[in-house]
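A look at the structure
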Amino acid sequence: MERAKKLTELKEKVEKDIVPDTNKTQTQNMTEKRLLASYVVAWNIGKALKSFQEGEFIKSCMVDVVNILCPQELTNFKNLHLSRQTISRRIELLSTCTSRQVDEKIRKFVYFSLALDESTDLIDTAQLAIFVRGVDDELNVGEYVLELIPLADTTRGEDIFNAVCMCVNKHNLDWSNLASIATDGARSMIGDKKGFIGRLKAFLKEKGVENIVTFHCILHQEALSAKSVDIPTIMKVVTQTINIIKNSALKHRQFRRLIQSSDQKFEDLQYFCDVRWLSRGQMLRRFFDLRNVIDEYMKEQGRAIAELSNDEWICDLAFLCDICEHLNTLNISLQGRKQTVVNMYCSINAFVKKLQLWNEHVQESQFHYFPCLNTISCVPPHKLNSYSEILKNLTVEFTEHRFADLRRLENHISVYTDPFFVDVIKARIDIQEELIELQEDISLKQRYKNCNLSELYKHKVLCVNKYGKVRKFVCFMEAIFGTTYVCEQLFSQMKIVKSKCRSRLSDRHLCDQLRLAVCDACDITPDFNSIIMHTIHEDEEP
């Protein structure tokens, strides 16, 4: 009996050990779910550039909503950890995770390029933004933020060079695979001796790396070219008039009410900001469309603007408005992520040819491409010569004074865009033999007729074994950074994150939050499961 009793006890004990503790498993599952929810909220706060304190506000809102809709789940929501400190830690870990994902992607790059720009934050700390663009073996293009590095003291070429070298080494990038560097054109960046570019070229020469492509941001060059278009009497009168109206709260209210009563397209005037690329064109267009309302209002105030009654001045305003709008259209076409240098080259060339066309039209008093000027009933003949001169000067600015770095790539672009028919002598010497074989490949030519260029390159129609050097050249061209647009975009987000209300935000947290902010554009999503496994045994609250 005793043996039977002992056997029964042992059996019960074994069964008890085998049968899982359902309550314990459910508790673990709920803990993991709460942890996941906490990370997802932190991820969204980071992407939306919100303060870390928003977590507590979000929790408060969720608790109130759940208390109304499903009170039985209230405990789970109250146990959700979304304090400021917790959100801060979550964002740090998410930033580290996304940085590792970027490292995994850039490890596959055949060629890479860097874009860097420097700007100061709210407390005057110089922040150096470094982006990488690269192409892998499958010709997939990626653009990622590498670092936002604070420069605590000077921002000389040497300081920038040291920061970039540290960043490249940290992310294990091979200098021999560097295709190009794009900078903002500041002296500390592009100086041949003490500037960043000069120091980098000397450093790479020691490593046997030469002939890298350097770019003064194409967008910056376009904006500088646009400044050559100026009619001083127009800008002076327009800016002074806008300041008179908008600097007084009372006058501004009265003017807006007058606009509303006259059923205008625009509801207000716009200040001019010299550093904003599109500002001048937008300001002039609003002023031109609202000129009759402005004239009426200023006369009511006893401060009539004589120029608004001058037909020749109105003609100048219309012409300047039109040409600035054309320049804005070009600028917008050069913006955006993953723009290839080939597309930018085509946009610049097309604009130059348009300038020549517009010049011919203006000389013949045809204003089809000048909508504002076309509304003027009679343009004085002597004005046509001055408009023609402005268009000629702008053409010279584009063709001779700017975009020299783009023109140096003309032969490469010809080879890239028309590999079957380009003159082989235009190609780099290392791919000329393969290019001849490619041009004589009849079957490949036939396929090329039935597909576009990107399909020809991306879907491995170019055999790696047979045309490996040509394919590598394509990777080089795809990897080139032509602008610092991504840096400018990051700085715009930096102004939102480090605002007057968050001026004490640390450099580390600023970088972490901005890294999350650009993740969607970079097609990066954190691996929440691995993050949760890493965090599951840690305390959620400090």
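Note that the coordinates shown come from a computational prediction; the quantities given were computed from them, not determined experimentally. (Residues numbered from 1 in each chain as written. Predicted model: local features only at pLDDT ≥ 70, side-chain atom pairs only at ≥ 80, totals over all residues. Heavy atoms only, no water.)

Brief notes about the environment of L490
Mapped onto the secondary structure, L490 falls in helix α24 (residues 485–497). Once you skip the residues sitting within four places of it in the chain, L490 turns out to touch A129, F131, V145, L148, L514 and V518. (Helix = DSSP H or I, 4+ residues; strand = E, 2+ residues; numbered from the N terminus. Contact = heavy atoms within 4.5 Å.)

Points about the packing of helix α20 (residues 432–439) against helix α23 (residues 468–479)
Two elements in contact, α20 and α23, have axes whose closest approach is 8 Å; the angle formed by their N-to-C orientations is 105°. The angle between α20 and α23 falls in the class roughly perpendicular. Of the residues in α23, those touching α20 at E434, L435 and L438 are G468, K469 and V470. (Axes fitted to C-alpha atoms, helices over the stretch in contact; angles between N-to-C directions. Parallel < 35°, antiparallel > 145°, perpendicular 65-115°, else oblique.)

Considerations on the sheet that holds strand β5 (residues 213–216)
Taken together, 5 strands build an open sheet; the order of strands is β3-β2-β1-β4-β5 and the sheet is mixed. Strands with a single pairing partner mark the edges of an open sheet, and in this sheet they are β3 (141–151) and β5. Averaged over all adjacent pairs, the angle separating strand axes in this sheet is 20°, with direction ignored. Bridge count for strand β2 (residues 126–135) against β3 is 10 bridges, and the pairing is antiparallel. The partner of F131 across the bridge, within β3, is V145. Sheet strands in contact with helix α25 (residues 507–517) are β2 and β3, and its direction is about 165° off that of β3. (Pairing = 2+ DSSP bridges.)

As for the pattern of salt bridges
Applying the stated criterion across every chain, the model contains 18 salt bridges. With a shortest N-O distance of 3.3 Å, D520 and K47 are connected by a salt bridge. Pair noted here: D520 is in the loop between α25 and α26 (528–535) and K47 is in helix α2 (residues 22–47), with a separation of 473 residues, a long-range link. For D430, the salt bridge goes to R428, with nearest N and O atoms at 3.2 Å. Here the salt bridges share partners, and the residues they tie into one network are D121, K498 and D507. (Salt bridge = Lys/Arg side-chain N within 4 Å of Asp/Glu carboxyl O.)

Some words on α24
Spanning 13 residues, α24 covers 19 Å between terminal C-alpha atoms, matching the ideal 18 Å at 1.5 Å per step. Listed in full, the buried residues belonging to α24 are Y485, V486, C487, L490, F491, Q493, M494 and V497. Those residues of α24 that are buried lie in contact with β1 (111–120), β2, β3, α9 (218–226) and α25. (Expected span 1.5 Å × (residues − 1). Buried < 20%, exposed > 50% of the residue type's maximum accessible area, 1.4 Å probe, protein only.)

Side note on the environment of E210
Here E210 shows up in the loop between α8 (196–206) and β5. Judged by its relative accessible area of 52%, E210 falls in the exposed class.

As for the packing of helix α5 (residues 84–106) against α25
For any two helices packed against each other, the geometry comes down to the angle between their axes and how far apart the axes lie. Where α5 meets α25, the closest approach of the two axes is 9 Å, and the angle between their N-to-C directions is 60°. In terms of their interaxial angle, α5 and α25 are classed as oblique. In the crossing of α5 with α25, the sense of the turn from one axis to the other is left-handed. Across the interface between the two elements, S88, I91, E92, L94, S95, T96, T98 and S99 of α5 pack against R508, H509, D512, Q513, R515 and L516 of α25. Per-class residue counts for the contact of α5 with α25 are 3 nonpolar, 7 polar and 4 charged. (Left-handed = near helix turned anticlockwise from the far one by under 90°. Nonpolar A, V, L, I, M, F, W, Y, C, P; charged D, E, K, R; others polar.)

Notes on a nonpolar patch on the surface
On the surface, a cluster of nonpolar side chains totalling about 350 Å² of accessible area is made up of V65, I68 and L69. One can find V65 in helix α3 (residues 54–69). Since its relative accessible area comes to 44%, V65 is described here as partly exposed. (Patch = residues over 30% accessible without salt bridge, like charges linked within 9 Å, V, L, I, M, F, W, Y side chains within 5 Å. Areas by Shrake-Rupley, 256 points an atom, 1.4 Å probe, with all protein chains shown as cover.)

Some thoughts on the layout of surface pockets
The calculated volume of the largest pocket comes to roughly 1100 Å³. Lining the largest pocket are 35 residues, and of these C273, D274, V275, R276 and W277 lie nearest its centre. When residues of the lining of the largest pocket are traced back to their parent elements, those giving at least two are α9, α12 (279–289), α14 (311–334) and α24. Examining the composition of the lining of the largest pocket, we find that 6 residues originate from one element, α24, more than from any other. When the residues that make up the lining of the largest pocket are grouped by side-chain class, the tally is 14 nonpolar, 12 polar and 9 charged. Contributing to the lining of the second largest pocket are 17 residues, with E210, N211, I212, V213 and F476 lying nearest its centre. Here the lining of the second largest pocket is composed, by residue class, of 7 nonpolar, 5 polar and 5 charged. (1 Å grid on protein atoms, 1.4 Å probe; cavity = no way out; pocket = protein on both sides within 12 Å on 5 of 7 lines; lining within 4 Å. Points joined across faces, edges and corners; volume = space filled by probe spheres on them.)

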